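Structure at a glance
Chain residues, written in single-letter form:
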Amino acid sequence: MHAIHRAVAVAACAAALAVPRPGWADVYCVGTADELRQALGAAAASAADDQIRLRAGTYAATQTFTYPAATSGWLELSGGWIDEAGVPCARTSQRAGDTVLDGLGERQVFNLFYNPKVPPATAPRFALAHLSVRDGLGAGFTRGGGLALQSNSEGPVEIWLDNVAVTGSRGYFGGGAHLYLKKGLLRIANSLFANNESPESAYGHAAITVLGGETAYSVLIVNSTFVGGRCPGQGTRGCGIGGALGAGAHMGVVNSVFADNALSDVSIEGLAVIGLGSGSAAFDHSRIPVSSGNIAPQVSAAIEDEPRFVGPADFRLADDSPLLDRGRGLIPIFPLGDADLDGRPRLRYAALDPGAYENQSWDTLLADDFEPQD
């Protein structure tokens, strides 16, 4: 494990999706599962801001990777890093598939729990970027087989998943991920949740809870794909994602694609039943065939066409997909990064494609096939 000097770290950060704050305390460059565990422990104990860069490769979770923090420092955990010209972790490929956290079908992959003694003065951000999380198992009543990201802070906190793929994971409630905030912002962008399962409950892909909101968005899901969620269901709760929203918490789903999720794609519930009121939701330029729950979303520019993926296990949009260029151009708050889940240009041709991947080839094919009339 290398702790990169701050000056070198700042110079090497330009390629990263989430731009680090000025003056990161430590930037760790890791290449093994043991080094990752050590870096997570050091960062969790630090009161300053930390960045952990994972070299491209597979990190087998022989035990769950954990980040139990009580301090106010930020954390960015990102993958795809490559050594260059003698500088460790000098640049990143921005491809989620280059760096894999693997639960081996035996345990939860990654667990972050933020529990400060005193709410921080400014909202800390915990960000995961350019990573694949696969084959996690939340045994027994464990929520989130792939990821469990939780904040118990009375003050606002931000949790970001940018260019992250969560696949093939199982958990009691929220098979792919368990995401919990008392207040703040949960952002999921340019990400893929595929073939996740909650075999005894609901929400195959993700269970999202925000107890209350004070800003325009408490949950923002943008340019992401959710496919193949499985579960038996629980009342009106289906097998895609679920949002439990307290008073003032608003959930926005923009430019996103849901397909082949059992029972329902998005289930949204208020928390009035436990005395916390109920939030609101809106779907914009997204394909969400079935929604459920006791909060009715406001729907704009719904997409109803079949996505037409490249293949049964390839969730890129095919060249003849009717969803090409159907996304909204102006994304609410926090702009997207410049790369899709493959690390390729996020904006290509006339407009954004909805979902985690931007089609790179259809316009070129049309140009190659064009033959002028005599």
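Please refer to the structure higher up on the page.
Rules used throughout
Residues numbered from 1 in each chain as written. Predicted model: local features only at pLDDT ≥ 70, side-chain atom pairs only at ≥ 80, totals over all residues. Heavy atoms only, no water. Buried < 20%, exposed > 50% of the residue type's maximum accessible area, 1.4 Å probe, protein only. Helix = DSSP H or I, 4+ residues; strand = E, 2+ residues; numbered from the N terminus. Pairing = 2+ DSSP bridges. Salt bridge = Lys/Arg side-chain N within 4 Å of Asp/Glu carboxyl O. Axes fitted to C-alpha atoms, helices over the stretch in contact; angles between N-to-C directions. Contact = heavy atoms within 4.5 Å. Phe/Tyr/Trp six-rings, centres within 6.5 Å; stacked < 30°, edge-to-face > 60°. Lys NZ or Arg CZ within 6 Å of the ring centre and 35° of its normal. Lys, Arg positive; Asp, Glu negative; His and termini not counted. Polar contact = N/O pair within 3.5 Å; in protein donor to acceptor, adjacent residues only side chain to side chain. Core = buried A, V, L, I, M, F, W, Y, C linked by side-chain atoms within 4.5 Å. Right-handed = clockwise from strand over helix to strand, strands pointing away.

1. Structural notes on the pairing of strand 13 (residues 177–181)
Across the 5 residues that make up strand 13, a large majority, 4, are buried. Bridge count between strand 11 (residues 147–151) and strand 13: 4 bridges; the pairing is parallel. Each bridged residue has a counterpart across the sheet, and for alanine 148 the counterpart in strand 13 is histidine 178. Summarising the sheet, strand 13 and strand 16 (residues 206–210) pair through 5 bridges and their orientation is parallel. In the sheet register, histidine 178 faces strand 16, and the bridge partner there is alanine 207.

2. Focus: the pattern of salt bridges
Where charged atoms from two side chains of opposite charge come close, those side chains can pair. In the structure shown here, the tally under the stated rule is 20 salt bridges. Here arginine 55 makes a salt bridge to aspartate 83, at a shortest N to O gap of 3.1 Å. Taken together, the residues arginine 55 in strand 3 (residues 50–55) and aspartate 83 in strand 6 (residues 75–84) connect sequence positions 28 residues apart. Residue arginine 55 is classed as buried on the basis of its relative accessible area, which comes to 18%. Residue classification places aspartate 83 among the partly exposed positions, given a relative accessible area of 40%. In this structure, arginine 237 and glutamate 269 form a salt bridge, with 2.8 Å as the shortest nitrogen-oxygen distance. Of the two residues, arginine 237 is situated in the loop between strand 18 (225–227) and strand 19 (241–245) and glutamate 269 in strand 22 (residues 266–270); the sequence distance between them amounts to 32 residues.

3. Things to note about the sheet that holds strand 13
The strand order 5-9-11-13-16-19-22-24 describes an open sheet built from 8 strands, whose pairing is parallel. What marks the edges here is a single partner per strand, and that holds for strand 5 (65–69) and strand 24 (291–293). On average, each strand axis in the sheet is inclined to that of its neighbour by 10°, with strand direction left out of account. Relative to strand 24, strand 22 runs parallel, the two sharing 3 bridges. By the bridge assignment for strand 24, isoleucine 268 is matched with glycine 293. Contacts from helix 2 (residues 33–45) reach strand 5 and strand 9 (110–114), with the element oriented near 5° to strand 5.

4. Focus on the packing of aromatic side chains
Summed over the entire model, instances satisfying the criterion amount to 7 aromatic pairs. Where phenylalanine 141 meets tyrosine 172, the ring centres are 5.0 Å apart and the plane angle is 75°; that geometry is what we call edge-to-face. Placement of the pair is phenylalanine 141 in the loop between strand 10 (125–134) and strand 11 and tyrosine 172 in the loop between strand 12 (157–167) and strand 13, with a sequence separation of 31 residues. Here tyrosine 172 falls in the partly exposed class, since its relative accessible area comes to 22%. Considering the side-chain rings of phenylalanine 193 and phenylalanine 226, the 5.2 Å spacing of their centres and the 15° angle between planes classify their relative orientation as stacked. A residue pair is termed long-range when its members are at least 10 positions apart, and phenylalanine 193 in strand 15 (residues 192–194) and phenylalanine 226 in strand 18 qualify at 33 residues. Counting every residue linked through ring pairs, the aromatic cluster contains Tyr67, Tyr114 and Phe126. Lying across the ring of tryptophan 160, arginine 187 places its NZ or CZ 4.2 Å from the centre. Residue placement shows arginine 316 over the ring face of tyrosine 357; its charged tip is 4.6 Å from the ring centre.

5. Things to note about the side chain of aspartate 353
Mapped onto the elements of the fold, aspartate 353 is located in the loop between strand 27 (314–317) and helix 3 (362–369). For the buried aspartate 353, which has no salt bridge, the nearest side chain bearing the opposite charge is arginine 346, at an N-O separation of 5.7 Å. From its side chain, aspartate 353 meets the backbone nitrogen of asparagine 359 in a polar contact 2.8 Å long. Aspartate 353 has contacts with Asn223, Leu317, Leu324, Asp325, Arg346, Glu358 and Asn359, leaving out every residue within four places of it along the chain.

6. Re the nonpolar core
Ranked by size, the top nonpolar core spans 57 residues in total, and within it Leu36, Ile52, Phe65, Tyr67 and Phe110 carry the most contacts. Of the residues forming this core, the biggest block, 6 residues, is contributed by helix 2.

7. A look at the pairing of strand 3
In regular strands, side chains alternate between the two faces of the sheet. Taken across its 6 residues, strand 3 has 6 buried, putting it largely inside the fold. With burial as the criterion, each face of strand 3 is covered, one bearing Asp50, Ile52 and Leu54 and the other bearing Gln51, Arg53 and Arg55. Sheet topology places strand 2 (residues 26–30) next to strand 3; 5 bridges connect them, and they run parallel. Bridge pairing in strand 3 places aspartate 26 opposite aspartate 50. In the classification by handedness, the crossover that spans strand 2, the intervening helix 2 and the parallel strand 3 is right-handed. Pairing analysis gives 5 bridges linking strand 3 to strand 6, with the strands arranged parallel. Along strand 6, the bridge assignment pairs arginine 53 with serine 78.

8. Things to note about the side chain of serine 169
Locating serine 169 in the fold gives a position in the loop between strand 12 and strand 13. Among all residues touching serine 169, those that are not within four sequence positions of it are Arg134, Asp135, Gly136, Gly145, Gly146, Gly175, Gly176, Asn195, Asn196 and Glu197.

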